[in-house]
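# Structural overview for review
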Amino acid sequence: MFFGLLLLGMTAQAQTAKKFTLNLTDDGKAQMVCFIPETPSGKAIVGVPGGGYSMLSNTHEGYLASDWLNQQGIAYFVVNYRLPNGDRTLPMGDVQKGIRIVRDSAAVWGINPHDVGIMGFSAGGHLASVISTHSEFDVRPDFSILFYPVISMDERVSHKWSCLNFLGEEGQKNPELVHQFSTQNAVRRHLTPPAIIISASDDRLVPFVTNGLEYYKAMRNVGNECTMLVYPTGDHGFGFGTWFKYHDQLLSELSTWLQNRQAPKTDAIRVACIGNSITDGHGIELAPQYGYPALLQKALGSDYWVKNFGVSSRTLLNKGDFPYMKEMAWRDALAFNPDIVIIKLGTNDSKPQNWQYASEFKQDLQQMIKALGKAKIFLCTPIPAFKPSWNINDSVIVNGIIPIQKEVARKNGLQLIDLHTLMANDEELVQPDGIHPNEKGVAKMAEIIAGAIK
């Protein structure tokens, strides 16, 4: 916040956009150039220039966007990050620090801290995608704009020098690192922010079909929101340059995309939906938009901010085959600092390989409740398992899991939502596997949970 206070003193008498520079490192080797609009809309973008991780192309892939963005009321921050020279933590840390500063100073700079995006170009597009997929919740952007991004770290299908400079010679020889930082492999349903990818079909430096398209496919395959703009010509590196043949069209389309991105209210009641594949939306096409948490958002309205932290196959049991509390989604849910939490776990715990640890179910549930602090918790029983698919056992759910949930709910003063009873007599609410709710089922769940919350 002290950065915001610094700006406050600089802009006390100003009515026009202000430009100033903040050091991100003590030695000034990393800096953030800030452009604050005259009339803030609440939206902010952190810019990440390209340059193959060997230089910074921070004019047409950086500062040149500032006037256009400020005219739309968007605050803009260009991060002149340190070059990696094989140490990827340097540029990653600089951009993450920039995002943290923007959010910390949001109130002073007229920014909604839940509406902070990232915009990267070429190698900077790769860095923006790394921040979008690998960062912890507090420094992960709310949306991503990726201009002709390097996505793959496989130099055979990408930009060789970007790969080499980011990972280093030894890193390039490590298949695990190459896979990990080829960011199409790091996209996660619900957790990776919405993106727009902008490229030219004739890009000869960073082939679109093995980079930007791969990120788009990964996003679409998990149901995350993603848009792709591919212009017929323009090659590589056009950025915000007026020489780009489709410059005006690009600005119009990007402006429309940005305007249609509705951020949650700064004072919205935060609702975290924690669960397994039923929360995640298994079998629901485009689950992030049509799963039960998305329908819950519609039912509750704009005074609430509902986020889906469901992960398929996960157990409440910490000794289960896939424990939920070891997932990034759990860390995200805690960092979200929710006001309300919907816990919908237990189905996978009924499998024999998991229920052998039945004696620890109560203490693990208690551990989860304690970690959630002062949030109001709604504890949901599992929905009925109409078939024993994947060795899920409805008898264990009824006679083992639900009694423990009821006991823990009473002990902690939690509201119990008995989905098992409320959905027990309607097999038409589930998919053919007998386990996962179909579209009617998720609508029913959203209706029941919204009613309990309201």
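Residues numbered from 1 in each chain as written. Predicted model: local features only at pLDDT ≥ 70, side-chain atom pairs only at ≥ 80, totals over all residues. Heavy atoms only, no water.

Here the focus is the layout of surface pockets. There is about 1,300 Å³ of room inside the largest pocket. Residue lining of the largest pocket: 43 residues in total, with Pro-194, Arg-261, Trp-305, Val-306 and Lys-307 positioned closest to the centre. Elements represented by at least two residues in the lining of the largest pocket include exactly α3 (89-104), α11 (287-290), α12 (292-300), β10 (304-310) and α13 (328-335). Ranked by residues supplied to the lining of the largest pocket, first place goes to β10 with six residues. Partitioned by chemical class, the residues of the lining of the largest pocket number 18 nonpolar, 11 polar and 14 charged. (1 Å grid on protein atoms, 1.4 Å probe; cavity = no way out; pocket = protein on both sides within 12 Å on 5 of 7 lines; lining within 4 Å. Points joined across faces, edges and corners; volume = space filled by probe spheres on them. Helix = DSSP H or I, 4+ residues; strand = E, 2+ residues; numbered from the N terminus. Nonpolar A, V, L, I, M, F, W, Y, C, P; charged D, E, K, R; others polar.)

This part covers the packing of aromatic side chains. Summed over the entire model, instances satisfying the criterion amount to 24 aromatic pairs. Arranged with centres 5.6 Å apart and planes meeting at 70°, the rings of Phe-166 and Phe-181 form a pair that is edge-to-face. With Phe-166 in helix α6 (residues 160-172) and Phe-181 in the loop between α7 (175-180) and β7 (195-200), this residue pair connects regions lying 15 residues apart in the sequence. Each member of the pair, Phe-166 as well as Phe-181, is classed as buried. Where Phe-309 meets Phe-336, the ring centres are 5.6 Å apart and the plane angle is 55°; that geometry is what we call tilted. Taken together, the positions of Phe-309 in strand β10 and Phe-336 in the loop between α13 and β11 (340-344) put the pair 27 residues apart, joining distant regions of the chain. We note that Phe-309, like Phe-336, is buried. Put simply, the rings of Trp-68, Phe-121, Phe-147, Tyr-148, Tyr-231, Phe-238, Phe-240, Phe-244 and Tyr-246 pair up and form one aromatic cluster. Lying across the ring of Trp-161, Lys-160 places its NZ or CZ 5.1 Å from the centre. The lysine or arginine in question, Arg-261, covers the ring of Trp-257, its NZ or CZ lying 5.8 Å from the ring centre. (Phe/Tyr/Trp six-rings, centres within 6.5 Å; stacked < 30°, edge-to-face > 60°. Buried < 20%, exposed > 50% of the residue type's maximum accessible area, 1.4 Å probe, protein only. Lys NZ or Arg CZ within 6 Å of the ring centre and 35° of its normal.)

Position of Asn-318 among the secondary structure elements: in the loop between β10 and α13. For the pair Asn-318 and Tyr-357, spaced 39 residues apart in the sequence, the C-alpha separation amounts to 9.1 Å. In this view, Asn-318 contacts Pro-323, Met-325, Lys-326, Asp-364 and Gln-367; residues no more than four positions away in its chain are not counted. Only 3.1 Å separates the side chain of Asn-318 from the side chain of Gln-367, close enough to count as a polar contact. (Contact = heavy atoms within 4.5 Å. Polar contact = N/O pair within 3.5 Å; in protein donor to acceptor, adjacent residues only side chain to side chain.)

Bringing the side chain of Asp-203 into the picture now. Tracing the backbone shows Asp-203 in the loop between β7 and α8 (212-222). One buried charged residue, Asp-203, remains without a salt bridge, the closest side chain of opposite sign being Arg-204 at 7.0 Å. Within the structure, the side chain of Asp-203 is placed 2.8 Å from the side chain of His-236, a separation counted as a polar contact. Those residues in contact with Asp-203 that lie beyond four places of it in its chain are Tyr-148, Asp-235 and His-236. (Lys, Arg positive; Asp, Glu negative; His and termini not counted. Salt bridge = Lys/Arg side-chain N within 4 Å of Asp/Glu carboxyl O.)

Across the interface, helix α15 (residues 361-371) lies against helix α16 (residues 394-412) with an axial gap of 10 Å and an inter-helix angle of 40°. Accordingly, the angle class assigned to the pair α15 and α16 is oblique. Seen along the crossing, α15 lies across α16 with a hand that is right-handed. Here Phe-361, Lys-362, Leu-365, Gln-366 and Ile-369 of α15 lie close against α16, whose contacting residues are Ile-401, Ile-404, Gln-405, Glu-407, Val-408, Lys-411 and Asn-412. A class-by-class count of the residues in the contact of α15 with α16 yields six nonpolar, three polar and three charged. (Axes fitted to C-alpha atoms, helices over the stretch in contact; angles between N-to-C directions. Parallel < 35°, antiparallel > 145°, perpendicular 65-115°, else oblique. Left-handed = near helix turned anticlockwise from the far one by under 90°.)

In this section: the confidence of the model for the chain. When pLDDT is averaged along the chain, the result is 95, and 96% of the positions lie at 70 or above. Every residue in residues 1-16 scores below 50 in pLDDT, and together they form 20 contacts with partners more than four places removed in sequence or on other chains. (pLDDT = per-residue confidence, 0-100.)

One finds Met-32, Phe-77, Val-102, Trp-109 and Ile-111 to be the most contacted residues of the largest nonpolar core, which totals 50 residues. By size, the runner-up hydrophobic cluster in this structure holds 40 residues, among which are Phe-137, Met-325, Ile-343 and Met-368. (Core = buried A, V, L, I, M, F, W, Y, C linked by side-chain atoms within 4.5 Å.)

Read from one edge to the other, the open sheet built from eight strands follows the order β1-β2-β4-β3-β5-β6-β7-β8, with strand pairing classed as mixed. Either end of the sheet is taken by a strand with one partner, and the two such strands are β1 (18-23) and β8 (226-231). On average, adjacent strands in this sheet sit at an angle of 15° to one another, irrespective of strand direction. (Pairing = 2+ DSSP bridges.)

As a further point, take the pairing of β10. Taken across its seven residues, β10 has six buried, putting it largely inside the fold. Here strand β9 (residues 269-275) pairs with β10 via seven bridges, running parallel. Across the sheet, Gly-275 pairs through a bridge with Gly-310, a residue of β10.

It is worth spelling out α16 at this point. In this model α16 runs 25 Å from its N-terminal to its C-terminal C-alpha over 19 residues, within 8% of the 27 Å that 1.5 Å per residue would give. If you check which residues of α16 are buried, you get Val-396, Ile-397, Gly-400, Ile-401, Ile-402, Ile-404, Gln-405, Val-408 and Ala-409. Elements that come into contact with the buried residues of α16 comprise α14 (352-355), α15, β12 (376-380), β13 (415-417) and α17 (419-422). (Expected span 1.5 Å × (residues − 1).)

Bridge analysis of β7 against β8 gives six bridges, and the strand direction is parallel. Bridge assignment links Ala-200 to a residue of β8, and that residue is Tyr-231. The parallel pair β7 and β8 is bridged by α8, and the resulting crossover is right-handed. (Right-handed = clockwise from strand over helix to strand, strands pointing away.)

Attention now moves to the pattern of salt bridges. Considering all chains together, one arrives at 18 salt bridges under this definition. Note that Lys-440 is salt-bridged to Glu-428, the shortest N-O span being 3.6 Å. Pair noted here: Lys-440 is in helix α18 (residues 439-453) and Glu-428 is in the loop between α17 and α18, with a separation of 12 residues, a long-range link. Judged by its relative accessible area of 49%, Lys-440 is partly exposed. In this structure Glu-428 comes out as exposed when scored by relative accessible area, which is 55%.

This part takes up unusual backbone geometry. The backbone phi angle of Tyr-53 is positive, close to 60°, even though this residue is not glycine. Within the fold, Tyr-53 resides in the loop between β3 (44-48) and α2 (66-71). One non-glycine residue, Asn-337, lies in the positive phi region at around 55°. Relative to the assigned elements, Asn-337 resides in the loop between α13 and β11.

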